[in-house]
Structure formats: C-alpha cells, structure tokens
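Chain residues, written in single-letter form:
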Amino acid sequence: MKLITCGLPYANGKAHIGHLRTYVPADVYVRYLRLFGEDAIFVCGSDCHGTPIVVNAEKEGLKPKELVDIYHEHFQRVFSEIDIEFDYFGRTDAEYHHERTQDIVKKLLENGYIYPKEIELAYCPSCERFLPDRYVEGVCPYCSAIARGDECDQGCGRHLEPGEILDPRCKICGAKAVYKKQKHYFFRLTEFRDFLLEYLDNLKGTENALNYARQWVSKELKDWCITRNLEWGVRFPGEDLVVYVWVDAPIGYISFTERACEKRGLDWERIWRAEKKESEIVHFIGLDIVYHHCIFWPAMLKGSNYSLPDGVVASGMVKVEGKTFSKTRGYVVWLEDDYLASGLNTDFLRYYLVNYTSHQKDLNFSWEVFGEKVNNELIANLGNFLYRVTYFAWKNFKDGGEAKIRANIDEDALRVIEETVKKIRDAIENWEFKIASDAFMELSSFGNNYFQSHKPWELIKSDIEAAIQVVSTCLHIAKALVILSFPVLPKTMRRFSRIFGFEIENSKVEDVLSINDFVIKKPEIPFQKIEEEKIAELEEMMLERIRRASKMEEGILNEGEEDIKTGDKMSEKEDLISFEEFKRFDLRIGKVLRAEKIEKSKKLMRLEIDIGDEVRQVVAGIAEDYTPEDVVGRLLPVLVNMKPAKLMGVESKGMILAADVGGKPVLLSPDRDVEPGSKIR
RNA sequence: GCCGAGGUAGCCUAGCUGGUUGGGGCGCCUGACUCAUAAUCAGGAGGUCGGGGGUUCGAAUCCCCCCCUCGGCACCA
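The structure displayed is predicted, hence computed values, not measured ones. (Residues numbered from 1 in each chain as written. Chains lettered and ligands numbered in written order. Predicted model: local features only at pLDDT ≥ 70, side-chain atom pairs only at ≥ 80, totals over all residues. Heavy atoms only, no water.)

Evaluation of the coordinates by the stated rule reveals 47 salt bridges. Residue K65 is joined to D69 by a salt bridge in which the shortest nitrogen-to-oxygen separation is 3.2 Å. Highlighted residues: K65 and D69, both in helix α3 (residues 64–81), separated by four residues, approximately one helical turn. Notably, a salt bridge pairs E278 with R270, separated by 3.3 Å at the nearest N-O pair. You can call E278 exposed: its relative accessible area is 53%. Taking the relative accessible area as the measure of exposure, R270 reaches 43% and is therefore partly exposed. (Salt bridge = Lys/Arg side-chain N within 4 Å of Asp/Glu carboxyl O. Helix = DSSP H or I, 4+ residues; strand = E, 2+ residues; numbered from the N terminus. Buried < 20%, exposed > 50% of the residue type's maximum accessible area, 1.4 Å probe, protein only.)

Taken domain by domain, chain A holds domain 1 (1–113 + 188–316), domain 2 (378–521) and domain 3 (550–667). Computed from C-alpha atoms alone, the centre-to-centre distance between domain 1 and domain 3 is 40 Å. (Domains from an automatic or database assignment.)

We now examine unusual backbone geometry. At E321, a position not held by glycine, the phi torsion is positive, near 50 degrees. In this fold, E321 is placed in the loop between β16 (318–320) and β17 (323–324). Positive phi is not limited to glycine here, since K455 has a value of about 45 degrees. Here K455 lies in the loop between α14 (433–454) and α15 (456–462).

Each regular strand shows side chains that alternate between the opposite faces of the sheet. Across the seven residues of strand β14 (residues 280–286), six count as buried, placing the element largely inside the fold. In this sheet, β14 lies alongside strand β1 (residues 2–6) in parallel orientation, the contact comprising five bridges. Pairing of I4 across the sheet is with V282, part of β14. Where β14 lies against strand β15 (residues 311–315), five bridges are found, and the strand directions are parallel. Across the sheet, the residue bridging to I285 is A314, located in β15. (Pairing = 2+ DSSP bridges.)

Along the chain, the position of H283 falls in strand β14. The class of H283 is buried, set by a relative accessible area of 0%. Look past the residues within four positions of H283 in its chain and what remains in contact with it is T5, Y253, W272, H293, W297, P309, G311, V312 and V313. (Contact = heavy atoms within 4.5 Å.)

Now for the packing of aromatic side chains. Counting across every chain of the model gives 42 aromatic pairs. Ring geometry for F79 and F86: centres 5.7 Å apart, planes at 70 degrees, overall edge-to-face. A single burial state applies to F79 and to F86, both of which are buried. Residues W367 and F370 carry aromatic rings whose centres are separated by 5.4 Å and whose planes lie at 85 degrees to one another, so their mutual orientation is edge-to-face. One end of the pair, W367, and the other, F370, are both in helix α12 (residues 367–397), three residues apart, so they sit about a helical turn from each other. (Phe/Tyr/Trp six-rings, centres within 6.5 Å; stacked < 30°, edge-to-face > 60°.)

On to the sheet that holds strand β28 (residues 655–656), then. Paired through backbone hydrogen bonds, the strands of a sheet run either parallel or antiparallel to each other. In spatial order, the strands read β24-β23-β22-β25-β28; together these five strands make up an open sheet with antiparallel pairing. A strand with exactly one partner marks an edge of an open sheet, and here the two such strands are β24 (615–620) and β28. Taken together, the five bridges between strand β22 (residues 587–597) and strand β25 (residues 635–639) define a ladder with antiparallel strand orientation. Residue K591 lies in a different strand from β25, and its bridge partner there is L635.

With respect to topology, six strands assemble into an open sheet ordered β3-β2-β1-β14-β15-β10, the strand pairing being parallel. The open sheet has two free edges, formed respectively by β3 (88–91) and β10 (204–205), since each of these has just one partner strand. Note: strand β2 (residues 40–46) against β3, four bridges, orientation parallel. By the bridge assignment for β3, G45 is matched with G90. Contacting β10 and β15, helix α6 (residues 207–218) crosses the sheet at an angle of about 105 degrees to β15. (Axes fitted to C-alpha atoms, helices over the stretch in contact; angles between N-to-C directions.)

Encoded structure:
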C-alpha cells in the first residue's frame, strides 16, 4: 500500500498552472501505480487557515469560512474536470481535522517538545487585539523594507518570527501598534537536528528536494513559534491561541487519510502510526515548500509518534512564455478562466505538463509549443495511429455494427510492448514522467511504422490471412497504448477504450499482454486537433493580460480597478506623510571620497562620504552595477540620520539614495556641482 | 562570496563507472505512400557536446581554472 499526497492548495485563490505542475504528475503517478497493481491512496484538500485568509475575507466582507467555501468548491470542481481524482479531498477547517491536529499537539506537549515563552508582540490598541503575521505591516529589521509581519515580502524575503518586525502598524485600521508581552508556544525543532540529518539521508525523493533540505539542516535550526493570536484556526489546547497554519496544514495528510480509509474500509493507523506502519508515504510538493515537508513535518511526526514520510517528490518551477511565473505580471495560466474556458481537451494540458521536461526541472509553458506538441505528437502520432488502425479494422471487417478479428499477433510486436511496459515501470519508480510518456509515444511510433510498412490496405486485396495478422497486431498495440497512456490521458482513453469494449478504469498491465480476439465498434477520432487560430487567440489573451499587468505596475490604471483574472485588488492605498514627518529626514548631498568593494560580498561597497561637517562610512548595495572608480568623486544624495547598522561586519552610518530600476540601483546626481553637505529638501 | 542543480543542434533531451562515425523527439528540407485528423513512412541538413587548459593512445564523459542560468544562504540600512 502506498499513500500519495499533494501539497494542499491554499483556499484563497484560484487554481493555476503552477498548482497543476505538482497535482497532475501526482495523479499520473497514482494511476500508474494502480495500473501496476499497487494499492494506492491519494489524498489532498484545502488549506483553510492562516492570516491571509482572514485578512482577505475581511477585505471582501466575508467570514473566513465563507471565503474558504468559495475556493474549496473551486478546487474540487476544477480538479475533477482535469481528472485529478483524489480518494478524498478534505478541508482543514473540518472538525475531524481539528481533532487530529489537537491530538498531535497534545502528544508533542506530553513528550516535552513544546514549551511556552514570553515574547513581545504587536498589539493594536484601537482594535484591541494582537496582530499576527500579515495583520502587521512594518519595517524589516534586516533590510528596512516595508514588510509583512511574517515575511519581508518586498525586500529581502526573509522569514520573520513574531516580534521581529520594526515600527509595526495595524493593517486593518492603520494605527500604530504597540508591543505587548504575551505567552506563546515553541516547538523544539533544535532537538531534532541529529534525527533530521539521519532521516534525510534515507529519505527517498527527487534530488532537488533532498539537497535543499540537507542544506538547511546542516546549517542552523531555530525553535519554531507555533501559536498565533487568531480566532480562525485550530485551537491550541488550554489557551486562547490558535496553532500556526504550517503546523496544522500537513496534518491534513493524516486527517484526510482517515476519511479516505473510512470510505474504503481500511485502517489508517497502518499508514500513520509509527508502530503499525506498513505502507509507504510519498508527498508530492512544489519546490517552495520543501522546508516544511523535509524539516518541520518529519520532526513533528517523530515527536508525536506518528510515522514518517518515505519520499518527497518536488516539482520544478513553472515559467510562462519563458518568463518567471507571476500572477501580478500576468505570466500565469489560470485553469478555469483560461484553459477550461477555451474548451480544449484537458488531456492536452496533462500531456504537456508531464511530457515537456523532467519533473524536477523548470517547465516552460508556451501556447505555441503547447499547440505544436499536441498537434504534432499527441494527435499526429498517437491519435492518428489509434484511429487509422481501429477505423481500418472496423471498415474492412465489420459485420453489422461491429468488426470481429481473430488475434494473430506478431511476436516481435509483443516484445516491443513488453519493453515499453518495462520502460514505463522504471520511469515511474523514479518519478520520471516524461520518460514514461515518451515510452508510450515510442510504442505508437512503432505502431505507425508497422502499419505503414506492412501495407494492410494492399494485403486485404491479396492475402487476407496476412492482413488479419497485421491488423490484429496493430489492434493489440492500440489496446496496449490505450491502457498505458490512460494515466496521462484519462479522459480520452476512457472514451476511446469503449470501442474495444473494456472498462479501462480496472485495467492492469497484464491486460496489455494478454491476447484475445477483438470486437471493434465504430471508432471516433480520439482527439480533436487544435486550430492555429485558437492558439493565436489564447496567445493574444495572454499578451493582453501581460500588457495590462505592466500598465498596472506603472500605475496607469485607476486605483481599485481589478487586476484582470487574478481577482486581487490594487489595495495599496497612498501613504501620505506630513511635512513634520518629512522634516525628520536629514537628507544631504555627499561627496564620495573613497570606495571599495567589500570582500566576500556580491553587492556591497564601502564608501567614505563627505557630508559637509564630517566624513561618514556608508555601506551600499551597488557593487553589482558600479565599480569603485565609477563612484569616487561623485555627488550623491545621502540620508544622514539613518539608523547605523553593520553589514558583513562593516559599520554603515547613513544610506545613499538611488533610483530602483527593475531592482537595480541607478545613482542620482545634482544638476550642477554643489558643496558636500548641502541640504536636500 | 558560500552551497546545491544545470549549461549537448531553433526547442525538449539520452549519453557522463572514458573507447567504433554524440543517439532520440519536435521544428526545418527532400522524396514515397494514401488505410488515416494535409495524418504516416523513408531520407537529409543542422552540434567548437558553455570557454580554456591538463591527464590519456583516446574525453561530452576524469582533473584544474573561468563564464553563464536557476534556486538557497550571506548580503542590497
């Protein structure tokens, strides 16, 4: 028995191609396992908790549950449309999930892996509540960018622990937050270091995930704050706190397994109880959540006597039209609004996602390539073979509505089919879905070749016995193709298998090789070709979205206008400051006297700047774009009363100002020579 | 800068415990065929195997240096 899970989709946004990159291969994997006779359970569900959902719900004037309902229903619907079939698709706000989570938290408490600690937290006096995570907006203590409470999303990208953020403000009412002491609970992640090192050595999965995780563990682990001040979430036992969303989300794998097992009359404990474990657990995830699955999660399981995952399979990132996937920039393909709305066969997209490149590598989605792959590979090779063979058989041997053909199969062809099965089996074992799908495409190619070179359309007139052998051999190949490609192309092959008169859902590899006489019903074309105009249309739609997005970024569109398709509103209100506030900035023109690149650093340059009454040492992140020679002698605007900081061990007192052009600094200069120290206002 | 993964024809890739002329798929060109969704089949063009050194009788494959891409860490006060 094998349990397969997929990373839970977060229930505050719609499904897009980035999601599919892990869900489709996982579904393909499960279907192949079943084809090979393995008993597999496949679970997933909506991740319903966490601050973003609360914040977004509030913004939309909804209760968190109402928001979650919308997206939970959405995911369920679109997954089923693209034939991603879970045994159970649950939700983490369900009663049973809360119970399981609390059970695990209690076990961790009993086992001494959770301890309380007083920390200072942002508190909004006007809302009268503590401000967790994204309820807080403030200044990143590391890079001083505007940041969210849990992550410096605009700046350095660092994860921020509760209490770290500077100058916190309430995101709801905008009031200045104060720090208040409060008791929170921490998970002793640090105690699991040795365990994790060993565990990761034996963990199976894709290299991209394992290497990444090992890198983290070999560095420093920190204990992990696992409680939040929220109403929405799983209650932490005995406290007016909720468990951090990343604690309860993976527990969904367990609680959903319980439900799935209940449905099928199985004992979930044989999967998840350490002492009873007898089946394998494999997680399919995106590369971005390796940390949670290879570090937090096994430590939690270990600490509460649950069984440990055996494999973590991480899919590479998705690019769209050659650019980094980005919802806000428009480089995204939405499953419902783009793909399903286009009316194209969902199997096309499944094939593309599985066959474009290796599971671990970055996948580029381009409508043009999509059209080519579908028309020239899937349809021209596989679709055409299936149709030409079955149609030929039906047309020439039909007797009434059906054609009966005696099986007389070429041994060589059987051997090729056997090899194909072996290739697929090996590939699936190694999570190489491209290789598996290439294998059945090769078989199809062999079939076309066989049919072509044996010319049954001539034999049928001269040597009927020989014709029967060729036709039945090709029919046999076709049947094998239907079964072997079903995991990737379930919709099409389910339909097409009917002309052979068998139930594809229950087919096993053995059926691929077992020889039976054929009864063929009148076939229909398995795939409808994609018109070039359709591709052009879809491409145009995407370009339009990208254009719109870039205009949005430049602020040309009116405030509040919806970002097309993403549903995200431009909610950043203008931040106005008073003249009083502005006066707090001591801005002056400084003259660079000396400059040198800081060793061991990529971006940092140490500058000595004359600011009139003194010479300041300032560290600036410009070394990637400027050499010391470029800047020595230059006049630059300097924020003089910047809080001093140390960077790479070098003290910096002040900050030079530069234009930000696509993340690159561009230095600014006064219109003509001015004295160092001149005030800027 | 450190760590990981990569860099093979326009695109996706196999080969990487060194050994006959670096395979395959898509695209491109030519021909054949007509059962088939202008599908198929045969043939062809196209590669300094990121660059430079070295080891060897012989390297895409081993060693050294460098460059580039992606991701992580450190770092843009």
